[in-house]
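Summary of the model geometry
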Amino acid sequence: MKDMDQAGAPSVEEPADLHLHSNRSDGTEPPADVMRSAHAHGVRAVALTDHDTTAGWAEAADAAVSLGMTFLPGAELSTRLDGRSVHLLAYLFDPDDASLRAQMDDVRGDRMGRAERIVANISRDYDLGWDDVVAQTRTGATVGRPHIADALVAAGIVADRGEAFAGILHPREGYYVPHEAPDVFTAIALVRQAGGVPVMAHPATSSRSGMIPLPTLHDLVDAGLAGFEIDHRENTASGRRVLQRLVTERDLIATGSSDYHGLGKPNLPGENTTPAAMVERIIAAGTGSRPARP
Ligand code: AMP
Ligand code: FE
Ligand code: FE
Ligand code: ZN
């Protein structure tokens, strides 16, 4: 007999980890294996949030449910704000919504051409070609610098993704090319219109430009942003304090998650978690698709 809340829906079990990547984008494991890894680390409610794609949803949902976990379909959308890259987690949107699909298709297409340009730049100084990157990328996956990193590792040029990002793939080295992405306000509107729940990913990573200014964060909330991923290993302590005050003041959703990428990053499932009450708020707010329940 499952626990039932007052509305009669089964309640979400803890711990919940709502930010995981598979090889449909830049994680190293297939979606079902990501769910197995999460379960093995004790996680009991999950979301799959591949970059700019929903391709892993069906496989992940089946695996999660068979392991007894609640599954939230999601994605991590690439967006921009005043020249800075902003990652927007989106949950429970309609995967067939034409406008949101078009946005994700455009970003994936542009990421492909951009990755080829980065590789062309690298190939001036290193023995690396586009075929080497293709060999590291599952057909149809959202291509990113992590796949170029894997090709650099396979070619023996660097030891791991971390070394690639600290060196050759870092913008200061001169090979980097940015990719196109929609304005974050546009993306928030598209997610909401598709019935989804937008939550800003790792908003307080230390970067040259610093965190988005507080007045702009308020504007984003006014535009439909539902919450912030506060507990993430890359968020600074001072940034978390600002975000926590904002979340309390505006009664927003606060999440914590691992940003697991399989072997591609040290992040492990369940290293940060989201309280069940917050997961329930996301489920209550999302109308474009339903969670899968065991
Ligand atoms: P891109 O969106 O193609 O510019 O690549 C950014 C992606 O690279 C992010 O989604 C991260 O998952 C990944 N990434 C960033 N820094 C590192 C790192 N130091 N080690 C491994 N992966 C990283
Ligand atoms: Fe990633
Ligand atoms: Fe991200
Ligand atoms: Zn991520």
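The structure under discussion appears in the preceding block.
Residues numbered from 1 in each chain as written. Chains lettered and ligands numbered in written order. Predicted model: local features only at pLDDT ≥ 70, side-chain atom pairs only at ≥ 80, totals over all residues. Heavy atoms only, no water.

Time to look at the pairing of strand E7 (residues 253-256). In regular strands, side chains alternate between the two faces of the sheet. The alternating pattern of E7 places Ile253 and Thr255 on one face and Ala254 and Gly256 on the opposite face, and all of these are buried. Bridge count for strand E6 (residues 227-231) against E7 is 4 bridges, and the pairing is parallel. Opposite Asp231, over in E7, you have Gly256 as the bridge partner. Handedness of the crossover joining E6 and E7 through helix H9 (residues 237-250): right-handed. (Buried < 20%, exposed > 50% of the residue type's maximum accessible area, 1.4 Å probe, protein only. Helix = DSSP H or I, 4+ residues; strand = E, 2+ residues; numbered from the N terminus. Pairing = 2+ DSSP bridges. Right-handed = clockwise from strand over helix to strand, strands pointing away.)

Listed as protein donors to the iron ion (ligand 2) are Asp26 (OD), His51 (NE2) and His261 (NE2); their distances from the metal cover 2.1 to 2.2 Å. When the donor residues of the iron ion (ligand 2) are listed from N- to C-terminus, their spacing reads D-x24-H-x209-H. Here the iron ion (ligand 2) and the iron ion (ligand 3) are spaced 5.4 Å apart. Note that His51 is positioned in the loop between strand E2 (45-48) and helix H2 (57-66) and His261 in the loop between E7 and helix H10 (276-285), a separation of 210 residues in sequence. (Donors = N, O, S within 2.8 Å, 3.2 Å for Na, K, Ca; no water.)

It is worth spelling out the pattern of salt bridges at this point. Summed over the entire model, instances satisfying the criterion amount to 11 salt bridges. Across the pair Glu59 and Arg24 runs a salt bridge whose closest N-O atoms are separated by 3.3 Å. Of this pair, Glu59 sits in helix H2 while Arg24 is found in the loop between strand E1 (16-17) and helix H1 (31-40), placing the two residues 35 residues apart along the sequence. Residue Glu59 is classed as partly exposed on the basis of its relative accessible area of 29%. (Salt bridge = Lys/Arg side-chain N within 4 Å of Asp/Glu carboxyl O.)

Taken together, the protein donors to the iron ion (ligand 3) comprise Glu76 (OE), His87 (ND1) and His202 (NE2), at separations of 2.0 to 2.2 Å. Ordering the donors of the iron ion (ligand 3) by residue number gives the pattern E-x10-H-x114-H. Since its relative accessible area comes to 1%, Glu76 is described here as buried.

Contacts to ligand 1 come from 13 residues, most closely from His51, Arg111, Arg114, Arg145 and His261. Between ligand 1 and Arg145 there is a distance of 2.8 Å, counted from an oxygen atom to a side-chain nitrogen or oxygen. When ligand 1 sits alone it has 500 Å² of accessible area, and the protein chains cover 80% of it. When residues of the shell around ligand 1 are traced back to their parent elements, those giving at least two are helix H3 (98-122), helix H5 (145-154) and helix H6 (161-166). Among the elements that line the shell around ligand 1, the one with the most residues is H6, at 3 residues. Among the residues making up the shell around ligand 1, the classes are represented as 2 nonpolar, 5 polar and 6 charged. (Near = heavy atom within 4 Å. Polar contact = N/O pair within 3.5 Å; in protein donor to acceptor, adjacent residues only side chain to side chain. Areas by Shrake-Rupley, 256 points an atom, 1.4 Å probe, with all protein chains shown as cover. Nonpolar A, V, L, I, M, F, W, Y, C, P; charged D, E, K, R; others polar.)

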